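# Inside the fold
Listed here are the chains, written in short residue letters.
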Amino acid sequence: MTTTPQQAAQVVQPDGRVELVDRNVIANSPYTNEDLAPVPIERRTWTTYNYAALWIGMAHNIPSYLLASGLIAFGMNWVQAFVTITLGNLLVLVPMLLNSHAGTKYGIPFPVFARAFYGIRGANLPALLRAFIACGWFGIQTWIGGSGIHVIAGKIFGDSWTNATELGGRPWTLWASFALFWVIQIVIIWRGMDMVRRFENWAAPFVIVVAVALLIWIVSKAGGLGPILSQPSALGWGSGFWKVFFPSLMGMIAFWSTLSLNMPDFTRFGAGQRQQIVGQLLGLPTTMSFFALLSIIITSGTAVIYGVPIWDPIELANKFDNTLVVVLALVTVLVATVSVNVAANVVSPSYDFSNAWPKLISFRTGGLITGVLGVLIQPWRLLENPGWYIFVWLQSYGGLLGAIAGVLVAGYWVSARTTLALPDLYLRQGRYWFTAGFNWRALLATGVGMLLAVGGAYSNPGAGPFPADGLIPLLKPLYDYSWAVGLVASFLTFVVLSRPAPRREPASQLATASTI
């Protein structure tokens, strides 16, 4: 039995994980660097707790709080909002776990995984799209964190800080707080992935404890859970609810659709498949559901206490009279924000930008690029109202990323049957070079999924940038299901395009058969 060059260059461990026999095989390739190369087995040490803590840290953040509180602001009651968020997280967990498998098995990050189906050069399409969306999220989270610093400093320094001279329509002190928070995060990512892991391990339990304390305060202030949970739904359970439910569900899925693509960036460090699967099962759906319930009760409680639902926790914290309570609440906001921002919105684009130019852009340089673009995207505009946040920002990019997820799942589980030639992911002469580095099948399938998912993007008059009858009116009904449409359409298209051609017998054999 002969051994192929690909099989000789990689070794399979007893637990199924694969590593290179000799890393020199890819050392001189222009498509690799130290950050993109497969992680050696001895460095794949992340445990179940590491993955659970990672998700606890990422789920307990202000944008995920705003998901739940935004649904309350739109008129849902606590049951409707809780069901919508929980279902969304269970659905997005499916492609997330499917794509995580490759990271653990081969020790590769998301952009290198994408090379197996898009081509070594073509992988830059999904990688850079994911990176630019992460830049938007980095900016949003950094603006939130900077706002928290601004409020804390205002409690300490008084009106001279809060009502400082305006610059661009906002106090210059707010811009300074934004800049300070930006620097804090860049310093953490500059220290590398081990620093990220250590930060997540202690940040997660800290955020939970303080969030529960805030919940207890709100329930006590509102006179118990009864007045909070009895808040009626402004939408009812009829057509008014379902009209909001499906776009909201797609928004909930889109929130973590970014991680459904790039979880290999983290699972590549896993000690085994069981560790990453169990860790994610324990971390994502349970934590998001718990945090959503906490956010829902708190926001509903503000409606009882203040007469209107306050969906922004920084605004809520600023209403407290006790300065120590305000500072503690907002320090928690800062820790939670750094926790998710560094892990979810800097790690991935750092690899993605590095993949575009491996010999020039390192993981650290990619993180710096992310930070700069996160400012240029002007995140403060995306947070001006919940409609833009959920139905424009989340829903539109969710459809785009759903189309990429469909190709990756179809390629890895249906076409490749989870078997990849590890060295070929880095070599121009390998099987993943396709045509000039691009696989037209993956690109076409992605285009079909994206067109169907977001081609009909629409906004209610005055509530967004899209026309009321949709960009392409015929596709408008599909936009309410953008992520699901993108995923299913690209999955099916790629499977059809990637079917092996029917085997044809040589002409000489056909001629022989005809004479029998």
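Let me sum up the structure you'll find in this document.

Rules of the game
- Residues numbered from 1 in each chain as written.
- Predicted model: local features only at pLDDT ≥ 70, side-chain atom pairs only at ≥ 80, totals over all residues.
- Heavy atoms only, no water.
- Salt bridge = Lys/Arg side-chain N within 4 Å of Asp/Glu carboxyl O.
- Helix = DSSP H or I, 4+ residues; strand = E, 2+ residues; numbered from the N terminus.
- Expected span 1.5 Å × (residues − 1).
- Bend = angle between axes of the 7 residues up to and from the residue.
- Phe/Tyr/Trp six-rings, centres within 6.5 Å; stacked < 30°, edge-to-face > 60°.
- Buried < 20%, exposed > 50% of the residue type's maximum accessible area, 1.4 Å probe, protein only.
- Lys NZ or Arg CZ within 6 Å of the ring centre and 35° of its normal.
- Core = buried A, V, L, I, M, F, W, Y, C linked by side-chain atoms within 4.5 Å.
- Contact = heavy atoms within 4.5 Å.
- 1 Å grid on protein atoms, 1.4 Å probe; cavity = no way out; pocket = protein on both sides within 12 Å on 5 of 7 lines; lining within 4 Å.
- Points joined across faces, edges and corners; volume = space filled by probe spheres on them.
- Nonpolar A, V, L, I, M, F, W, Y, C, P; charged D, E, K, R; others polar.
- Axes fitted to C-alpha atoms, helices over the stretch in contact; angles between N-to-C directions.
- Parallel < 35°, antiparallel > 145°, perpendicular 65-115°, else oblique.
- Left-handed = near helix turned anticlockwise from the far one by under 90°.

The next subject is the pattern of salt bridges. Applying the stated criterion across every chain, the model contains two salt bridges. Across the salt bridge formed by D15 and R17, the nearest N and O atoms sit 2.7 Å from each other. Across the pair R431 and D424 runs a salt bridge, and its minimum N-O distance is 3.7 Å.

Another aspect to go through is helix α5 (residues 78-106). Counted at 1.5 Å a residue, the expected span for α5 with its 29 residues is 42 Å, and the 42 Å between its end C-alpha atoms agrees. At L93, α5 is bent by approximately 25°, the largest bend along its length, and proline P95 sits one to four residues beyond. At the C-terminal side of α5, G107 shows a positive phi close to 70°.

The description of an aromatic ring pair rests on the distance of the ring centres and on the angle between the ring planes. Taken as a whole and assessed by the stated rule, the structure comprises 23 aromatic pairs. Between W137 and Y397, the aromatic rings sit 6.5 Å apart at their centres with planes inclined by 90°, giving edge-to-face as the arrangement. With W137 in helix α7 (residues 124-157) and Y397 in helix α19 (residues 386-415), the pair connects residues that are 260 residues apart, well separated along the chain. On the accessibility criterion, W137 (3% relative accessible area) is buried. Judged by centre distance (5.8 Å) and plane angle (40°), the ring pair of F157 and W161 falls under tilted. We classify F157 as exposed; its relative accessible area is 53%. Classification of W161 by relative accessible area gives buried; the value is 19%. Through successive ring pairs, a cluster of aromatic residues spans W237, F241, W242, F245, F246 and Y481. Against the face of Y458 rests K476, its NZ or CZ located 4.7 Å from the ring centre.

Core analysis: the largest hydrophobic core is formed by 113 residues, its most contacted members being F117, W256 and L420. Those residues within four positions of L420 in sequence are excluded, and the remaining contacts are Q10, Y106, I108, F113, A116, F117, Y412 and Y432. Of all hydrophobic cores here, the second largest spans eight residues; its members include V392, A453, V454 and Y479.

Another aspect to go through is empty space enclosed by the protein. According to the stated counting rule, one finds one cavity of 30 Å³ or more in the structure shown. Lining the largest cavity are W137, Q141, F255, W256, T258, L259, V340, A344 and N345. Listed by contribution, the elements that provide at least two residues to the lining of the largest cavity are α7, α12 (239-262) and α16 (323-345). Broken down by element, the lining of the largest cavity gets its largest block of residues, four residues, from α12. Residues of the lining of the largest cavity, tallied by class, amount to six nonpolar, three polar and no charged.

As a further point, take unusual backbone geometry. Unlike most non-glycine residues, R417 shows phi in positive territory, near 55°. Of note, R417 is situated in the loop between α19 and α20 (440-454).

Let us now look at the side chain of N99. Relative to the helices and strands, N99 is located in helix α5. Looking at N99, the relative accessible area reads 0%, which means it is buried. Those residues in contact with N99 that sit more than four places away from it in its chain are F113, S260, L261, P264, L408 and V409.

Glancing now at the packing of α20 against helix α22 (residues 482-497). Two elements in contact, α20 and α22, have axes whose closest approach is 8 Å; the angle formed by their N-to-C orientations is 150°. One way to sum up the angle between α20 and α22 is to call them roughly antiparallel. For the pair α20 and α22, the crossing hand works out as right-handed. Each of W440, R441, A442, L444, A445, T446, V448, G449, L452 and A453 in α20 lies in contact with α22, whose residues at this interface are S482, V485, G486, A489, S490, T493, F494 and L497. A class-by-class count of the residues in the contact of α20 with α22 yields 11 nonpolar, six polar and one charged.

On the secondary structure map, P349 appears in helix α17 (residues 347-356). Using a relative accessible area of 0% as the deciding quantity, one classes P349 as buried. Between the C-alpha atom of P349 and that of G366, which follows or precedes it by 17 residues, the distance is 6.5 Å. What P349 contacts, discounting residues up to four positions off in sequence, is A131, A134, G366 and T370.

Everything listed here is a matter of coordinates, which is why it stays silent on function.
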